[in-house]
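Topology and contacts: notes
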Amino acid sequence: MASPFPVMYVPLDSSLLSRIYDLYALTEKGKQQGLKVTLDKERGLAILEAETQAAVPLLQRYKDAMSLLSFGAPMQLAEKVLGDESVLLQMDLEDPIQPTSNLKRTFARLIGKNGSVKQRIESATNTSIFIKEPKVLVLGSFESVEKAREAITRIVKGQPIPAVYRYLASLK
């Protein structure tokens, strides 16, 4: 008989499968909170099942934690998203309606020389940013994630980096 509670499927890419010990730790933590986490390596999926009504809100948090791990985040940050103090924003910068040939340039501008732009956004907004083309993940408090999202959006729209820096300076 099927579970009366929701099920979520999370694609496991090769970078996430290489972190099997971290995945196992998430699986054990999930069990303690009423989630059944099954790793189906053959199909490349993590299957998250809520076993109780109380575990249903945790499904998205565990999916977000797995996304962070697949972007190379340390386990400590993945665990932060499981708590209530952090949110994770996933931005897909590839626009299916208006594909841009400048996506690589956009990512280069977002990262900056030696990571300087990314680091400046992280520092000014108190967030952690992870980039794996065509996606960007931003982790932090709700307010700080919104500020970082605005800075990233300005860069994507082509605003000059010094103007983005002025926006970031105005946040203090």
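Criteria and cut-off values
Residue numbers restart at each chain and count upward from 1, following the sequence in its written direction. In keeping with the model being predicted, local features are shown solely for residues with a pLDDT of at least 70 and side-chain atom pairs are shown and tallied solely at 80 or more, while totals for entire chains, interfaces and linings include all residues. Side-chain calculation: all heavy atoms of the structure are included, whereas hydrogens and water are not. By nonpolar core is meant a set of buried Ala, Val, Leu, Ile, Met, Phe, Trp, Tyr and Cys residues that side-chain atoms within 4.5 Å join together. Partly exposed residues are those whose accessible area sits between 20% and 50% of the maximum for their type, while under 20% is buried and over 50% is exposed, using a 1.4 Å probe and protein chains only. Here a strand is any run of E in DSSP of at least two residues, a helix any run of H or I of at least four, and the numbering for each starts at the N terminus. Any two residues having at least one pair of non-hydrogen atoms within 4.5 Å are treated as being in contact. When a carboxyl oxygen of Asp or Glu is within 4 Å of a side-chain nitrogen of Lys or Arg, the pair counts as a salt bridge.

What follows covers the nonpolar core. Grouped together as the largest cluster of nonpolar side chains are 30 residues, with contacts concentrated most on L26, L35, L48, Y62, M66, L68 and F130. Elements represented by at least two residues in this core include exactly β1 (7-11), α2 (20-32), β2 (35-40), β3 (45-50), α3 (58-70), α4 (75-82) and β6 (135-140). Broken down by element, the residue count for this core peaks at seven residues, all from α3. Not counting residues within four places of it along the chain, the set of residues in contact with L68 comprises A73, L77, A78, V81, L88, F130, L137 and L139. Formed by 20 residues, the second largest nonpolar core is a distinct cluster that contains V117, V136, A151 and L168.

Counting across every chain of the model gives seven salt bridges. In this structure, the salt-bridge partner of K31 is E28, at a minimum N-O distance of 3.3 Å. In this pair, K31 and E28 both sit in helix α2, three residues apart, roughly one turn of the helix. As a salt-bridge pair, E49 and K36 come within 4.0 Å of each other at their nearest N and O atoms. With a gap of 13 residues between them, E49 in strand β3 and K36 in strand β2 connect regions that are remote in the sequence.

With respect to the secondary-structure elements, I161 resides in helix α8 (residues 161-169). A relative accessible area of 17% means that I161 is categorised as buried. Put simply, I161 and N126 are 35 residues apart on the chain and 19 Å apart in space, counted from C-alpha to C-alpha.

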